[in-house]
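Chain by chain, the residues:
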Amino acid sequence: MTLEDFTDFSGEADGDDSGDPAEFGDPNDSGDAAANGADAADAATESAPAASESARGVGEDVTRSDDAFADYDVEPAGDDAGLGVVSVSQGLRVAEDAEETSLKSFVTTGNREAVRLGKYLVIPYPDGERLFCRITGLEYAQEFQSDDATEIHARRQMRRDDFSERDYKFMAELEPMSVVYADGDGLSRRMTDRVPKPGALVEEAADAEEIKTGLKIPGEGVFLGHLSVGGEKVRTAARPPTVDYRVKDDYGDGDPLAFRHTLVAGGTGSGKTHASKNVLRQYLDADRTYPMDDGREARMAVVQFDPQDEYAQMHDDNPDLDAGFARRLDREGVAYGGHEDTVALVPKVADATYPGEGHRAERVEFTIPFSLARDMPWLVAGSGLNDNQYPALLTLLNRFFRDYGDSGTYRQFLSYLDDPALKAELDESGRVHEATFDAVKRRVRGVPSGVFDADATPITELDHTLVRPGGLTVIPTYHLPTSRQKEIVVLAVAALLIDDKLSNDPDSDRIKETPLLVGMDEAHNFLADADNVQAHKVVEKFTEAAKQGRKERLGLFLITQDPQDVAESVFKQVNTKVVLNLGDEDAIKSVNIPTNLAGKVPYMEKGQMVVYSPDNSEPVELIGLSTCVTRHD
C-alpha cells in the first residue's frame with residue numbers, strides 16, 4: 001500500500017468545532033459548517049457497507065453470523081407502578097423538627113409531567129402501614145458531573161426542538177403528614193414516627209378513605225367542597241371520584257364546629273356569598289339535629305343579617321341546578337333546593353321602602369323599640385361618646401325608664417332631655433356636669449330619625465318568628481338609607497339574640513332553647529375594634545358570645561372582605577376559617593393561615609378556597625360547588 005491510497009481523504013467532513021466562527025453564527029444560517037460536517041460524516045458511514053460489499057463481488061456468500069450481536073428479550077418483567085422511589089442520594093431523615101426532615105423521591109421520566117406541588121402521595125412500609133405526605137418542592141438535578149451552564153451547551157440547546165428528560169434527575173421534596181394504618185374495619189392515623197425504606201415505592205394517593213384519614217378529614221359532617229391541589233380536584237378510583245370535605249357536626253366527635261364559629265373571608269367576586277349560601281343550606285337540612293340538655297333533638301335556627309338582599313333568595317330553587325347535578329348531590333349527601341321555611345324579617349324605618357323583588361319568601365316588618373336602650377345604652381351612644389360621658393348617659397336612661405317605664409319612646413326621651421330643670425338638678429347634685437349633659441344630649445340627637453319605634457311590631461314581640469327550629473330568618477338592611485341605621489338594627493337584634501342565649505333568666509325561652517347560628521355579612525362594619533364606647537361594648541358582647549357559644553349552642557358565622565378589621569378578641573375565638581381570593585396583603589396576613597396556602601390566596605379563581613380548621617383537619621385547599629344549591633342571582 002502506498003501513500004497515494006489516502007489521497008481521496010477530505011478533512012471537510014470532520015466537523016471540528018474549534019475555531020470555526022460558523023458554529024456560533026445565525027442559528028437560521030443554512031450554511032452552518034457543523035451541520036455540513038455532520039451530513040458528510042453520515043454519508044460516509046452509510047456508503048461504507050455498500051463499498052465493501054461491492055469489493056467482494058456479485059454472488060459472493062456474505063456471512064456475518066460470527067460478527068453480529070445476538071438478539072435477546074430485554075422487555076422488563078412486570079409494569080411500572082407509582083411515580084418513583086424514595087431516594088437517599090440527598091439524605092433520608094424523618095425528625096420531630098420539620099426543618100431537620102429530609103425526604104425526597106426520584107420521579108421517573110414518564111411521570112414528571114403529572115407531578116405538581118401540593119400533590120398527596122403515599123409510601124408503603126414493609127408491614128403494610130403507609131406514610132402519607134405531600135409534595136413541597138420540585139427540582140431538576142444533574143444526572144452526571146457536567147456543567148450545563150456554558151455558552152456551547154446553551155447555544156446547542158437553543159437549536160434543539162426537544163428537551164431530553166433523561167439528561168437530568170427529577171426530585172420531589174416531600175413533607176410527611178401522618179402514618180396511616182389499618183384499624184379494625186377502617187383506617188386510623190398517627191403522627192409520623194418512622195422513616196420509609198430507601199427505594200420504597202412512591203405512589204399518588206388515590207383512595208378516598210386513605211386521603212381523608214391522612215388529612216384528618218371527618219367522614220361525616222357539614223359539606224364545604226371538594227379537596228383540590230393547585231385548582232384541580234383530587235381524583236380517586238372511587239365513585240364519585242372526588243374527595244368531599246366536611247366539618248365535624250356531631251357531639252360524638254367533640255363539639256360541633258358550628259358552635260366554635262366560622263369566618264368566611266373573600267374579596268369582591270371571589271364567590272363568598274355563593275359559598276356561604278351552600279354552607280348555610282346544609283345547617284338547615286331536615287336531617288340535621290342537635291341534642292339539648294333536656295334530652296330533645298332540635299334543629300338549627302339560622303338568623304342571617306343581609307346587607308345586599310341576597311340571602312332571602314335561599315327560599316327559592318336554583319333554576320340552573322339540573323337533574324344530573326342534583327343526582328350527584330344526592331350521591332354525596334349534600335342538601336339542596338330552596339328552603340321553604342325562610343322569612344324576610346324587614347326593619348321598618350321612616351322614609352325607607354323594602355323592594356324585596358329578588359325572592360318569594362314571606363315578609364314580616366318589625367321595629368326596634370327604644371326600650372332596648374335600657375339594657376343596651378350603647379345603641380344611642382354614638383361613636384363620639386367617650387368613657388367619661390357614658391356614665392352620664394346611663395344615669396339619664398335609668399332615670400327616664402324609671403319615670404316612663406318600658407313604653408317610653410325615643411321622642412319622649414328627647415323631650416325629657418330638653419327639660420332645663422333636669423339639667424340644673426343633675427348639675428347641682430354633682431351627678432352630671434352641665435357640659436357633660438349637653439354633650440350627651442348632642443350624641444343622642446345624632447341618632448337617625450325613624451330607627452326606633454316605627455309603625456310595626458317590636459322585635460321583642462317576634463321571638464317565635466325571629467328564631468324557628470329549622471327556619472332561616474333573613475334581616476335585610478340594603479334598603480336603609482344610612483349606615484348608622486343599619487348599624488343600630490343589626491347590633492340591636494344580634495345583641496337581643498346573644499343576651500337571651502347567654503342569660504340564665506332569658507326573656508325568650510324560644511331563643512334560649514334553640515340551637516342558633518347567627519350569620520353576619522360585612523362583619524367588619526359591625527365588629528371593628530374602634531376607640532369609642534359603642535365599639536368597645538359591642539365587641540365585648542360578641543367576644544363573650546364567642547367564648548360561651550359552645551356551651552349555649554350559639555354559633556357565629558362571620559362573612560367579610562376585610563378580615564383585618566374584625567376585632568382581634570372576636571377573631572381569635574373563630575375555629576374554622578374559609579378563605580377565598582383576597583388581594584390585600586394585610587387581609588391575607590390577618591387570617592393567619594399556613595404560608596404555603598397563603599401564597600395561593602391572591603391567585604385563586606372564583607370558588608376556590610383554603611380551609612384552616614385545626615380541630616377538624618390539616619389545612620387544605622378546596623373547590624366549592626360550581627352551582628349554588630339554592631337560588632343565587
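Residues numbered from 1 in each chain as written. Predicted model: local features only at pLDDT ≥ 70, side-chain atom pairs only at ≥ 80, totals over all residues. Heavy atoms only, no water.

**Considerations on the overall build of the chain**
Line of reasoning, step 1. In terms of helices and strands, the chain carries 16 helices and 23 strands.
Line of reasoning, step 2. Out of the 633 residues in the chain, the part that is buried amounts to 47%.
Line of reasoning, step 3. In the chain, the proportion of contacts linking residues at least 24 apart, taken out of those at least 6 apart, comes to 72%.
Line of reasoning, step 4. Roughly 32,000 Å² of accessible area belongs to the chain as shown, and the carbon and sulfur atoms make up 45% of that amount. (Helix = DSSP H or I, 4+ residues; strand = E, 2+ residues; numbered from the N terminus. Buried < 20%, exposed > 50% of the residue type's maximum accessible area, 1.4 Å probe, protein only. Contact = heavy atoms within 4.5 Å. Areas by Shrake-Rupley, 256 points an atom, 1.4 Å probe, with all protein chains shown as cover.)

**Quick word on a positive patch on the surface**
Line of reasoning, step 1. A surface patch of like charges, here positive, comprises Arg235, Arg327, Arg328 and Arg331.
Line of reasoning, step 2. Along the chain, Arg331 falls in helix α5 (residues 323-331). (Patch = residues over 30% accessible without salt bridge, like charges linked within 9 Å, V, L, I, M, F, W, Y side chains within 5 Å. Salt bridge = Lys/Arg side-chain N within 4 Å of Asp/Glu carboxyl O. Lys, Arg positive; Asp, Glu negative; His and termini not counted. Charge placed at Lys NZ, Arg CZ, Asp CG, Glu CD.)

**What about the packing of helix α11 (residues 483-502) against helix α13 (residues 533-552)?**
The packing of two helices is summarised by the inter-axis angle and the distance between the axes.
Line of reasoning, step 1. Packing of α11 against α13 leaves a shortest axis separation of 10 Å and a crossing angle of 35°. For α11 against α13, the interelement crossing comes out left-handed. Counted together, Arg484, Glu487, Leu491, Ala494, Ala495, Ile498, Asp499, Lys501 and Leu502 of α11 and Gln534, Val538, Lys541, Phe542, Glu544, Ala545, Gln548 and Glu552 of α13 form the full contact between these two elements.
Line of reasoning, step 2. Per-class residue counts for the contact of α11 with α13 are 8 nonpolar, 2 polar and 7 charged. (Axes fitted to C-alpha atoms, helices over the stretch in contact; angles between N-to-C directions. Left-handed = near helix turned anticlockwise from the far one by under 90°. Nonpolar A, V, L, I, M, F, W, Y, C, P; charged D, E, K, R; others polar.)

**Re the nonpolar core**
Line of reasoning, step 1. In this structure, Phe370, Phe452, Ile459, Leu466, Met520 and Phe542 are the most contacted members of the largest nonpolar core, which totals 91 residues.
Line of reasoning, step 2. Among the elements that make up this core, the one with the highest residue count is α11 (11 residues).
Line of reasoning, step 3. When sequence neighbours within four positions are dropped, the list of residues in contact with Leu466 reads Val303, Leu345, Ile459, Thr473, Ile475, Val493, Leu496 and Leu497. (Core = buried A, V, L, I, M, F, W, Y, C linked by side-chain atoms within 4.5 Å.)

**What to know about the pairing of strand β18 (residues 472-476)**
Line of reasoning, step 1. Counting buried residues along β18, 5 of its 5 residues qualify, which places the element largely inside the surrounding structure.
Line of reasoning, step 2. Burial along β18 is two-sided: Leu472, Val474 and Pro476 facing one way and Thr473 and Ile475 facing the other are all buried.
Line of reasoning, step 3. The pairing of strand β14 (residues 301-306) with β18 spans 5 bridges and is parallel. Bridge pairing links Phe305 to Ile475 in β18.
Line of reasoning, step 4. Across 3 bridges, the pairing between strand β15 (residues 342-347) and β18 is parallel. Looking across to β18, one finds that Thr342 is bridged to Leu472. (Pairing = 2+ DSSP bridges.)

**Notes on the environment of Pro619**
Line of reasoning, step 1. Tracing the chain through its elements places Pro619 in the loop between β22 (608-612) and β23 (620-623).
Line of reasoning, step 2. Taking the relative accessible area as the measure of exposure, Pro619 reaches 24% and is therefore partly exposed.
Line of reasoning, step 3. Residues Pro619 and Lys216, spaced 403 residues apart in sequence, show a C-alpha to C-alpha distance of 9.8 Å.
Line of reasoning, step 4. Once residues within four sequence positions are removed from consideration, Pro619 is found in contact with Pro594, Leu597, Val611 and Tyr612.

**Here we look at the pattern of salt bridges**
Line of reasoning, step 1. A complete count under the given rule lists 34 salt bridges for this structure.
Line of reasoning, step 2. Taking the shortest distance from any N to any O, the salt bridge between Asp418 and Lys441 comes out at 2.9 Å. Here Asp418 is found in the loop between α7 (410-417) and α8 (420-428), whereas its partner Lys441 is found in helix α9 (residues 434-445), with 23 residues between them in sequence.
Line of reasoning, step 3. A salt bridge links Arg445 to Asp418; its shortest N-O distance comes to 2.7 Å. Remark: Asp418 occurs in the loop between α7 and α8 and Arg445 occurs in helix α9; sequence separation between them is 27 residues.
Line of reasoning, step 4. Owing to a relative accessible area of 40%, Arg445 belongs among the partly exposed residues under this scheme.

**Here we look at the side chain of His479**
Line of reasoning, step 1. Here His479 is to be found in the loop between β18 and α11.
Line of reasoning, step 2. Of the polar contacts made by the side chain of His479, one reaches the backbone oxygen of Pro347; its length is 3.0 Å.
Line of reasoning, step 3. If near-sequence neighbours (up to four positions away) are discounted, His479 is found in contact with Val346, Pro347, Ala352, Thr353, Tyr354 and Pro355. (Polar contact = N/O pair within 3.5 Å; in protein donor to acceptor, adjacent residues only side chain to side chain.)

**Focus on the packing of aromatic side chains**
Line of reasoning, step 1. Following the criterion strictly, the structure yields 15 aromatic pairs and no others.
Line of reasoning, step 2. A centroid spacing of 5.7 Å and a plane angle of 25° characterise the contact between Phe370 and Phe401, whose relative ring orientation is stacked. Placement of the pair is Phe370 in the loop between β16 (362-367) and α6 (390-404) and Phe401 in helix α6, with a sequence separation of 31 residues. When sorted by exposure, Phe370 lands in the same class as Phe401, which is buried.
Line of reasoning, step 3. What links up through ring pairs into an aromatic cluster is the set Phe370, Phe400, Phe401, Tyr404, Tyr410, Phe413, Tyr416 and Phe452.
Line of reasoning, step 4. The ring of Tyr125 carries the charged tip of Arg194 above its face, separated from the ring centre by 4.0 Å. (Phe/Tyr/Trp six-rings, centres within 6.5 Å; stacked < 30°, edge-to-face > 60°. Lys NZ or Arg CZ within 6 Å of the ring centre and 35° of its normal.)

**Section: the environment of Arg235**
Line of reasoning, step 1. Mapped onto the fold, Arg235 is located in the loop between β9 (232-233) and β10 (244-247).
Line of reasoning, step 2. What makes Arg235 partly exposed here is its relative accessible area of 49%.
Line of reasoning, step 3. Measuring from C-alpha to C-alpha, the distance between Arg235 and Ala205 comes to 9.0 Å, with 30 residues separating the pair along the chain.
Line of reasoning, step 4. With near-sequence residues (within four places) excluded, Arg235 lies in contact with Ala205, Ala206, Pro241 and Thr242.

**What to know about the side chain of Thr342**
Line of reasoning, step 1. Mapped onto the fold, Thr342 is located in strand β15.
Line of reasoning, step 2. A residue is classified by how much of its surface remains accessible, and Thr342, at 2% relative accessible area, is buried.
Line of reasoning, step 3. One polar contact links the side chain of Thr342 to the main-chain carbonyl oxygen of His339, over a distance of 2.6 Å.
Line of reasoning, step 4. With sequence-adjacent residues up to four places away left out, Thr342 is seen in contact with Ala312, Met314, His315, Ala361, Glu362, Arg468, Leu472 and Val474.

**Topic: the confidence of the model for the chain**
Line of reasoning, step 1. The share of residues in the chain with pLDDT of 70 or more is 86%, and the mean pLDDT across the chain is 87.
Line of reasoning, step 2. Considering only residues more than four positions removed or in separate chains, one finds that residues 1-65, a stretch of pLDDT under 50, has 26 contacts. (pLDDT = per-residue confidence, 0-100.)

**Observations regarding the pairing of β15**
Line of reasoning, step 1. For β15, the tally of buried residues reaches 6 of 6 residues, placing the bulk of the element in the interior.
Line of reasoning, step 2. Burial along β15 is two-sided: Thr342, Ala344 and Val346 facing one way and Val343, Leu345 and Pro347 facing the other are all buried.
Line of reasoning, step 3. One ladder, built from 5 bridges, connects β15 with β16; its direction is parallel. Across the sheet, the residue bridging to Val346 is Glu365, located in β16.

**Observations concerning the environment of Glu434**
Line of reasoning, step 1. Along the chain, Glu434 falls in helix α9.
Line of reasoning, step 2. Spatially, the C-alpha atom of Glu434 lies 6.4 Å from that of Lys423, the residues being 11 residues apart in sequence.
Line of reasoning, step 3. Residues within four places of Glu434 in sequence aside, it is in contact with Lys423 and Asp427.

**A closer look at a negative patch on the surface**
Line of reasoning, step 1. A surface patch of like charges, here negative, comprises Asp375, Asp505, Asp507, Asp509 and Glu513.
Line of reasoning, step 2. Mapped onto the elements of the fold, Asp375 is located in the loop between β16 and α6.
Line of reasoning, step 3. When its relative accessible area of 57% is taken as the criterion, Asp375 is described as exposed.

**Some points on α5**
Line of reasoning, step 1. All of the buried residues along α5 are Phe325, Ala326 and Leu329. One side of α5 holds all its buried residues, which, seen down the axis, span an arc of 100°. The outward face of α5, more than 90 degrees from its buried face, is lined by the exposed residues Arg327 and Arg331.
Line of reasoning, step 2. Two residues or fewer after α5 comes Gly333, characterised by a positive phi angle close to 70°. (Arc of directions from axis to C-beta.)

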